Amino acid sequence: MLDKLSPQKIQYVTILGATGTIGLQTLDVISQHAERFAIFALAANSNVKGMYALCEKYQPSYAVMLQQSAATLLAAQLKSIGSSTVVLHGDAALCEISAHEQVDIVMAAIVGAAGLHPAMAAAKAGKRILLANKETLVMAGNLFMQAVADGGATLLPIDSEHNAIFQALPQNKQGSLASMGVKRVLLTASGGPFRNATIAELKAVSCAQALNHPNWVMGPKITIDSATLMNKGLEVIEAHWLFNALPEQIDVVVHPQSVIHSMVEYIDGSILAQLGNPDMRTPIAYGLAYPERLTSGVGSLDLLTTARLDFSAPDLVRFPCLRLAYHALNAGGSAPAILNAANEIAVAAFLAKKIGFMDIPQLIEQVLSVAHIEPIESIEQLVLIDGLARQSASVRVEALC
Ligand code: NAD
Ligand code: MG
């Protein structure tokens, strides 16, 4: 109804990571509101088949594949059906479609460190950024937030926890949390598929078991991160940057039902929570329409069926990744970027069945313990630090194989 009451100009959207879980859910919401949004550009890594289908359906002005061979193949296929979509490739093209003057909204949903450059480009160009790629903030929180401020961009968190906190904070988000009367933010965590597993059981976890998340459908990397609780660790660092929250103002509470997506506690004792079915189309629709509301295709939460909400403290002994993330946040500087890089290598090695589940935190801890931590002053420096941490992690992976 809102749409009919407030007709507005069509908003042009670039989706980075279009073939992924978040990318496809974004397209789903946009398809429900074709009178409000149009696709300007779609980008993916190497999935030509997926990208071809999306280009055929959405007819973007640009399609970008990271890999040149994938772009060449896609261009040939699109040409054969007379498509006018221009196909580009590479990191520079990802940045171009993020900063292009015709673009209003950029959905940053590439997985991992690869999402950093295009997200930075969107920030500098002053776009509305729907940030799903939490790794951007973990690696380059200070640089990215500065680019958002300098570029006059609008940053809207898509990660469900941060979207919930954003919704529960006062409308006018000026100043520190304390100046808004906020005591702390509480990030909820499902606890993943191994919430009740013993350390012995965790050591024997298989890839298939770890990829089977109880509540959310997500890409493989974030699903493993959810199982190790590194996802929550990355989210603690993400919350630090997004809400200017001190480490001691960010708590994690395990809530297996994933119905409360996160909470804000105020100094008067009030706790405001955002609830809903665990479906990313809610935060995506929120980001697309903010400050208005749009239908998202997500059904009403049935509180009677939900019946109960459980809470417990996270176990940092069985899930050391969360402890390591707090450690990296407290250490500051390059520590979170090193944590992130080591985690990406460790998760890829676990997915490739080269290392065990409990090797993931061990490997990250080793990389962090030998790394030199320094203040981050530029993206170029960050790229070097990221590369060194990946090397250090890869050497340790090989030693474990
Ligand atoms: P996914 O694996 O399903 O999709 C990743 C997308 O990124 C794909 O389109 C892939 O082609 C693209 N991609 C990967 N590497 C690339 C590269 N080097 N260059 C260009 N494109 C590349 O992942 P996802 O679950 O959609 O998650 C995407 C991001 O959103 C992650 O940062 C994740 O942490 C975050 N996130 C996801 C969810 C979720 O529910 N899936 C929730 C919160 C946050
Ligand atoms: Mg999340």
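Above this text sits the structure in question.
A few points about the pattern of salt bridges
(1) Moving on: One pass over the structure, following the stated rule, counts 19 salt bridges.
(2) Moving on: Here Arg281 ties to Asp28 by a salt bridge, and the two come within 3.4 Å at their closest N and O atoms. With Arg281 in helix H13 (residues 281–289) and Asp28 in helix H2 (residues 21–31), this pair connects stretches of sequence that are 253 residues apart.
(3) Moving on: With relative accessibility at 17%, the residue Arg281 sits in the buried group.
(4) Moving on: Members of the salt-bridge network, linked through shared partners, are Lys134, Asp159, Glu161, Lys232 and Glu235.

Observations regarding the coordination of the magnesium ion (ligand 2)
(1) Moving on: Taken together, the protein ligands of the magnesium ion (ligand 2) are Asp159 (OD), Glu161 (OE) and Glu235 (OE), with distances of 2.1 to 2.3 Å.
(2) Moving on: Written as a sequence motif, the donor arrangement for the magnesium ion (ligand 2) is D-x1-E-x73-E.

Topic: the sheet that holds strand S11 (residues 271–275)
(1) Moving on: Taken together, four strands build an open sheet; the order of strands is S9-S8-S10-S11 and the sheet is mixed. Every other strand in the sheet has two partners, leaving strand S9 (250–254) and S11 as the edge strands with one partner each. Each adjacent strand pair in this sheet contributes to an overall mean axis angle of 20°, direction not counted.
(2) Moving on: Here five bridges tie strand S10 (residues 260–266) to S11, and the two strands are oriented antiparallel to one another. Bridge assignment links Glu265 to a residue of S11, and that residue is Ile271.

Basis of the calculations
Residues numbered from 1 in each chain as written. Chains lettered and ligands numbered in written order. Predicted model: local features only at pLDDT ≥ 70, side-chain atom pairs only at ≥ 80, totals over all residues. Heavy atoms only, no water. Salt bridge = Lys/Arg side-chain N within 4 Å of Asp/Glu carboxyl O. Helix = DSSP H or I, 4+ residues; strand = E, 2+ residues; numbered from the N terminus. Buried < 20%, exposed > 50% of the residue type's maximum accessible area, 1.4 Å probe, protein only. Donors = N, O, S within 2.8 Å, 3.2 Å for Na, K, Ca; no water. Pairing = 2+ DSSP bridges. Axes fitted to C-alpha atoms, helices over the stretch in contact; angles between N-to-C directions.

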